[in-house]
Amino acid sequence: VLRVIYRDDLSTWQPPIISLKKLPAFVKTVFGRVEAVKKVNMDHLLAQLKYRQIEQGPWVVGFSDIFREWIRRAKQVYLDYAAAFPNATFTVRKEADRNVLFRQFLDQAQANNLSNRLDWYTYLFSPLKRLQQYPLLLKEVLKHSHVENEEKANLQTALDEVTAVVHECDAKLDEENKKVEMAELHIKLFLRPGMEKVELQLDHLGRELIFQGDLQRAGANRFTWLETRAILFDHYLVLAKTVIHRDSAGQKRKEIYDVSKLVSSPSLCLPAVHY
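Counting restarts for each chain: residues are numbered from 1 in the order of the written sequence. Owing to the predicted nature of the model, reporting of local features is limited to residues with pLDDT of at least 70; listing and counting of side-chain atom pairs is limited to 80 or more, with chain, interface and lining totals taken over all residues. Here the side-chain values reflect all heavy atoms present in the structure, with hydrogen atoms and water set aside.

Draft legend 1. Quick look at the pairing of strand β4 (residues 237–246). Pairing between two strands requires that DSSP report at least two bridges joining them. Helix and strand assignments come from DSSP, with helices taken as H or I runs of at least 4 residues and strands as E runs of at least 2, each series counted from the N terminus. Examined bridge by bridge, strand β3 (residues 225–233) and β4 share four bridges and lie antiparallel to one another. What sits directly across from Ile231, in β4, is Val238.

Laid out in structure tokens, this is it:
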């Protein structure tokens, strides 16, 4: 589904949904790691399991050696996929925000019978989700391995090695998600004219997003509450008004965080900007 319905159809669609000048870079950013995942699984997991099934079936002695060899070869492939995943999803969302034809393409792909009505994110995340499922499957096999032998010990080792790669991928995802989150805020935050003194510098090395979320704050009187987006960086507290821009059909097109003024407060240890 990911390779054919999304990547290949997008690449060959006529007339192009994304300009020909941008399309190669877009496809590489979003789908560039997919083939490597498929290849490492086809060559070192599926092929080896099928051969073991033919060689020993219907009852196999074990398969821990296959999983240990596979995860050794697959580790870097999955780490690369995890590192690229946050930027890939950000690239898709950004294009969907500004390109109505691309949004229609995503809807059409989701409606395809082969997609089971699951969205693009589900399929883009599916390699990492499958990796997360392997420890659960290996645990289940281990639970039903009642004979204490070398294969059972090796199966535990295989489980530990696969689990370690899952944890590394989770850590890489978290690290890259923080970078993408900062890039997204750099686009969404709108500082009104006259706020030149505010230097958010979100692209600076070491800049840290500590917290963001929605809250309510008191309005002009005690009966009024205003919805507010609170964003705490390591150097600024930002309180913004969420503004949704919609297209002619009333669909959400773009979301921005409107910030109107700089305030200093003795109760705050950081400078604050808010609307």
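Draft legend 2. Spatial organisation of the packing of helix α4 (residues 64–98) against helix α5 (residues 100–111). Think of each axis as a best-fit line through the C-alpha atoms, taken over the contacting stretch in the case of a helix, with angles from 0 to 180 degrees between the N-to-C directions. Contact geometry for α4 and α5: axes closest at 5 Å, N-to-C directions at 120°. The angle between the axes of α4 and α5 places the two elements in the oblique class. With respect to the hand of their crossing, α4 and α5 are arranged in left-handed fashion. From α4, Val92, Glu95, Ala96, Asp97 and Arg98 reach across to α5, where they touch Val100, Phe102, Arg103 and Leu106. Under this scheme an angle from 65 to 115 degrees is roughly perpendicular, one under 35 degrees roughly parallel, and one over 145 degrees roughly antiparallel; angles in between are oblique. Crossing chirality is assigned from the near helix's rotation relative to the far helix, an anticlockwise turn below a right angle marking it left-handed and a clockwise turn marking it right-handed. Any pair of residues with heavy atoms lying within 4.5 Å of one another is described as a contacting pair.

Draft legend 3. Looking closely at the packing of aromatic side chains. Between the rings of Phe, Tyr and Trp (Trp by its six-membered ring), a pair exists once the centres lie within 6.5 Å; its type follows the angle of the planes, with under 30 degrees stacked, over 60 edge-to-face, and the other angles tilted. As enumerated under the stated definition, the model contains 13 aromatic pairs in all. Note on Tyr6 and Phe105: the rings are 6.3 Å apart at their centroids and 90° apart in plane angle, and the pair reads as edge-to-face. Here the residue Tyr6 occupies a position in helix α1 (residues 2–12), and Phe105 occupies one in helix α5, the gap between them amounting to 99 residues. Exposure class is identical for Tyr6 and Phe105. Each is buried. Residues Trp120 and Tyr121 carry aromatic rings whose centres are separated by 5.9 Å and whose planes lie at 75° to one another, so their mutual orientation is edge-to-face. Linked through ring pairs, Tyr6, Trp13, Phe26, Phe102 and Phe105 together constitute an aromatic cluster. Burial classification: accessible surface area is computed with a 1.4 Å probe over protein chains only, and a residue below 20% of its type maximum counts as buried, one above 50% as exposed, and the rest as partly exposed.

Draft legend 4. Highlighting the pattern of salt bridges. Every case where a carboxyl oxygen of Asp or Glu lies within 4 Å of a side-chain nitrogen of Lys or Arg is listed as a salt bridge. Counted by the stated rule, this structure contains 23 salt bridges. Between Glu95 and Lys22 there is a salt bridge, with its nearest N and O atoms 3.2 Å apart. Here Glu95 is found in helix α4, whereas its partner Lys22 is found in the loop between α1 and α2 (23–31), with 73 residues between them in sequence. Notably, a salt bridge pairs Glu161 with Arg68, separated by 2.9 Å at the nearest N-O pair. Pair noted here: Glu161 is in helix α7 (residues 150–188) and Arg68 is in helix α4, with a separation of 93 residues, a long-range link. The network of salt bridges with shared partners includes Lys172, Glu175, Glu176 and Lys179.

Draft legend 5. Structural context of the nonpolar core. Note on terminology: a nonpolar core comprises buried Ala, Val, Leu, Ile, Met, Phe, Trp, Tyr and Cys residues joined through side-chain atoms within 4.5 Å. Among the nonpolar cores identified, the biggest contains 50 residues, and Tyr6, Leu10, Trp70, Phe102 and Leu131 are the most heavily contacted of them. Going through the elements one at a time, α1, α2, α3 (34–56), α4, α5, α6 (120–143) and α7 are the ones with two or more residues in this core. Looking at this core, the element that brings in the most residues is α4, giving 14 residues. With residues up to four places along the chain from it excluded, the contact list for Trp70 reads Val40, Asn41, His44, Leu45, Tyr78, Leu131, Tyr134 and Val162.

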